[in-house]
Amino acid sequence: MSRVVVTGMGLVTSLGNDLASSWEGLINGRSGVGEITAYDTSHHRVHFAAEIKDFDASAYMDRKEVRRNDPYEHLAIATSMQALKDAKLEITPENADDIGVYIGSGIGGLVTLHDQFKVLYDRGPERISPFFINMMIIDGAPGIVSILTGAKGPNWAAVSACATSGNTIGEAYETIRRGDAKAMLAGGAEKAVTSIAMAAFDNMHALSRNNEHPQEASRPFDAQRDGFVMGEGAGMMMLEDLEFAKARGAHILAEVVGYGCTGDASHVTLPSPGGDGLIRAMRRALQKAGLQPEDVDYINAHGTSTPPNDSTETAAIKTLFGEHAYQVPISSTKSMTGHTLGAAGAVEGVICVQSILNGIIPPTINLHHPDPDCDLDYVPNEARHTTVDVAMSNSMGFGGHNVSLIFKRYEE
């Protein structure tokens, strides 16, 4: 089996429109949450989200392509271009067949879907955009990225709710390991802050309603947490076969060494009791990596700030990690970025690699009231400078999806 390394990354979050600005916000414990600007919230109970700010899609594609693609696709394109540039990988006719694209989204082109229904009702069926289908469908993102970059290798879209881009990175890793590609762009994108999505998540009692203090609303592992904060964003990684990367003189950022993927078969929205599904995903990732729990230096938790998720994830870590659960630093960066749904696994995977490279663990902000059920080291409120050789990223999704990824400092 081939070794798989990370050679480039791209990131857009509510904290910044590239990796550098997002990372700066994360390590400084800054919240990306604010009042919603995308629509009138006066008839909604929830008035805030972690929206992307001042993003210019035309910096990455011509204006014709901007009009023909949904905003979630804009984010996928932008972060793909960032990752390719970071990797200094040129896709040519000679290597195009060996380079693929796996990009997922939990919801896809919801902005377009929402807008086109209004067109249908207000102006009639003949006014629906001929680009509507390609703007809405989730495989539109890897499709357009493939077209714009020329990558002709494996091309696929994942959908597993909030575990989606954990799956795309994991499956890209497996695709390279088994020899079906030499390099893969892998990640996820989400832009779902729309009135219908916010109303739906609110009506199922998933969202925080802390309108008075929106920047404090995402508070994973805190006893007063009352729901997640919707976020927008995208994360992308350039993964390569080690020998392919070395042959072209690539700068290697980290190595992907483990991937576990399981199903709860328990409940459509709640995690399985005790976190059984996540335990099995983490265990499989560790086994594939040839590591023990005590080898893990940092866990980027799923940590949504919902009461059942945070306590269940804590219980799962305790069960699998034993006494080391109390020694390993854990943080939820969703406290700053909000919950980017299908993009979360990729966003947080990028953060794990950044932690390895920089020796800094971003904090869990807004953690001021300890929950007796959540009694581990969640790196509260301030970033921590420490050596990180092995980082784990956990993702869980509605439907009972669980993903665990393990990144390791690269060594010859």
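Each remark here, short or long, concerns the structure printed above.
Along each chain, residue indices are assigned from 1 in the same order as the chain's sequence is written. Local features are withheld for residues below a pLDDT of 70 in this predicted model, meaning they are given only at 70 or higher, and side-chain atom pairs are given and counted only at 80 or more; totals for whole chains, interfaces and linings count all residues. In computing side-chain values, all of the structure's heavy atoms are included and hydrogens and water are not.

## Re unusual backbone geometry
Put simply, the rule reads: Here a strand is any run of E in DSSP of at least two residues, a helix any run of H or I of at least four, and the numbering for each starts at the N terminus. For each residue, the accessible area found with a 1.4 Å probe, counting protein chains only, is set against the maximum for its type, and the residue is called buried under 20%, exposed over 50%, and partly exposed in between.
With a phi angle near 55 degrees, K88 is a residue other than glycine that sits in the positive phi range. Residue position: K88 is located in the loop between α3 (71-87) and β4 (99-104). Here S305, not a glycine, exhibits a phi torsion of approximately 85 degrees, which is positive. Positionally, S305 belongs in the loop between β9 (298-300) and α11 (307-321). Residue class for S305 comes out buried when judged on its relative accessible area of 0%.

## Description of the sheet that holds strand β10 (residues 330-331)
The strands making up a sheet associate through backbone hydrogen bonding, with each pair oriented either parallel or antiparallel. Stated formally: Whether two strands pair depends on DSSP finding at least two bridges between them. Throughout, a contact is declared for two residues whenever any of their heavy atoms are within 4.5 Å. Comment: axis = line fitted to C-alpha atoms, over the contacting stretch for helices; angle = value between 0 and 180 degrees taken between N-to-C directions.
The ten strands are arranged β5-β4-β6-β7-β1-β8-β14-β13-β9-β10 in an open sheet whose pairing can be described as mixed. One side of each edge strand has no neighbouring strand; the edge strands of this open sheet are β5 (155-156) and β10. Across eight bridges, strand β1 (residues 4-12) lies against strand β7 (residues 233-241) in antiparallel orientation. Across the sheet, residue M9 finds its bridge partner in β7, namely M237. Relative to β4, helix α6 (residues 140-149) is tilted by about 150 degrees, and along the sheet it contacts β4, β5 and β6 (183-190).

## Side note on the nonpolar core
As a reminder, the rule being used: We call a set of buried Ala, Val, Leu, Ile, Met, Phe, Trp, Tyr and Cys residues a nonpolar core when their side-chain atoms join them within 4.5 Å.
One finds V6, M9, I169, M237, L239, V353 and F407 to be the most contacted residues of the largest nonpolar core, which totals 42 residues. With seven residues, the top contributor of residues to this core is helix α13 (residues 344-358). Once residues within four sequence positions are removed from consideration, I169 is found in contact with A186, M237, L239, G345, A346 and L405.

## Description of the pattern of salt bridges
As a reminder, the rule being used: A carboxyl oxygen of Asp or Glu within 4 Å of a side-chain nitrogen of Lys or Arg is what we treat as a salt bridge.
Under the definition given, this model contains 19 salt bridges. Notably, a salt bridge pairs R219 with D226, separated by 3.6 Å at the nearest N-O pair. Note on R219: relative accessible area 13%, which makes it buried. Its relative accessible area of 29% is what places D226 among the partly exposed residues. Because the salt bridges share partners, they merge into one network encompassing R45, D202 and R209.

## Regarding the packing of helix α10 (residues 276-289) against α11
Operational definition: In this scheme, roughly parallel covers angles under 35 degrees and roughly antiparallel covers those over 145, while 65 to 115 is roughly perpendicular and the rest are oblique. Each crossing is labelled by how the near helix is turned from the far one, with a counterclockwise turn of less than a right angle marking it left-handed and a clockwise turn marking it right-handed. Following the grouping adopted for this structure description, the nonpolar residues are Ala, Val, Leu, Ile, Met, Phe, Trp, Tyr, Cys and Pro, the charged ones are Asp, Glu, Lys and Arg, and the polar ones are all others, Gly among them.
Two elements in contact, α10 and α11, have axes whose closest approach is 9 Å; the angle formed by their N-to-C orientations is 45 degrees. Of the possible angle classes, the one that applies to α10 and α11 is oblique. For the pair α10 and α11, the crossing hand works out as right-handed. Touching L278, I279, M282, R283 and L286 of α10 are E313, A316, I317, T319, L320 and F321, all from α11. Considering only residue class, the contact of α10 with α11 consists of eight nonpolar, one polar and two charged.

## Focus: a nonpolar patch on the surface
Put simply, the test is: Two distance rules govern patches: like charges are joined within 9 Å, and nonpolar side chains (Val, Leu, Ile, Met, Phe, Trp, Tyr) within 5 Å, applied only to residues with over 30% relative accessible area and no salt bridge. Residue-level accessible areas treat just the shown protein chains as cover; the underlying method is Shrake-Rupley with a 1.4 Å probe.
Among the surface-exposed residues, F117, L120 and Y121 lie close enough to one another that they form a single nonpolar patch of about 330 Å² accessible area. Secondary-structure assignment places Y121 in helix α4 (residues 110-123). By relative accessible area, which is 65% here, Y121 ends up exposed.

## Here we look at the packing of helix α7 (residues 164-177) against α13
At a minimum axis distance of 5 Å, the contact between α7 and α13 shows a crossing angle of 65 degrees. Residues S165, G166 and I169 of α7 form the contact with α13, whose own contacting residues are A344, G345 and A346. Classifying every residue of the contact of α7 with α13 gives three nonpolar, three polar and no charged.

## A short note on the side chain of E232
For clarity, the threshold we go by: The definition of a polar contact used here is a pair of N or O atoms within 3.5 Å, where within protein one atom must be able to donate a hydrogen and the other to accept one, and adjacent residues in sequence count solely through side-chain atom pairs.
Structurally, the position occupied by E232 is in the loop between α8 (195-203) and β7. Residue classification places E232 among the buried residues on the basis of a relative accessible area of 1%. Side chain to side chain, E232 and K191 meet in a polar contact 3.3 Å long. If near-sequence neighbours (up to four positions away) are discounted, E232 is found in contact with V12, T13, S14, A50, E51, I52, E190, K191, V193 and T340.

## Side note on the state of the cysteines
Formally: The disulfide definition used here is simple: a pair of cysteine sulfur atoms within 2.5 Å.
This structure, assessed with the given rule, holds zero disulfides. With no disulfide partner, C162 has as its closest neighbouring cysteine sulfur the one in C261, 14 Å distant. The thiol of C374 is not disulfide-bonded; the next cysteine sulfur, from C162, is found 18 Å away. The exposure class of C374 is buried, given its relative accessible area of 5%.

## Brief notes about α10
Selection rule: The span expected for a helix works out to 1.5 Å for each residue beyond the first.
For α10, spanning 14 residues, the distance from its first C-alpha to its last is 20 Å, which sits close to the expected 20 Å at 1.5 Å a residue. Residues of α10 that are buried include every one of G277, L278, I279, A281, M282, A285, L286 and A289, and no others. Where the residues of α10 are buried, they touch β8 (254-263), α11, β13 (390-397) and β14 (401-408). Immediately beyond the C-terminal end of α10, within one or two residues, lies G290, with a positive phi of roughly 70 degrees.

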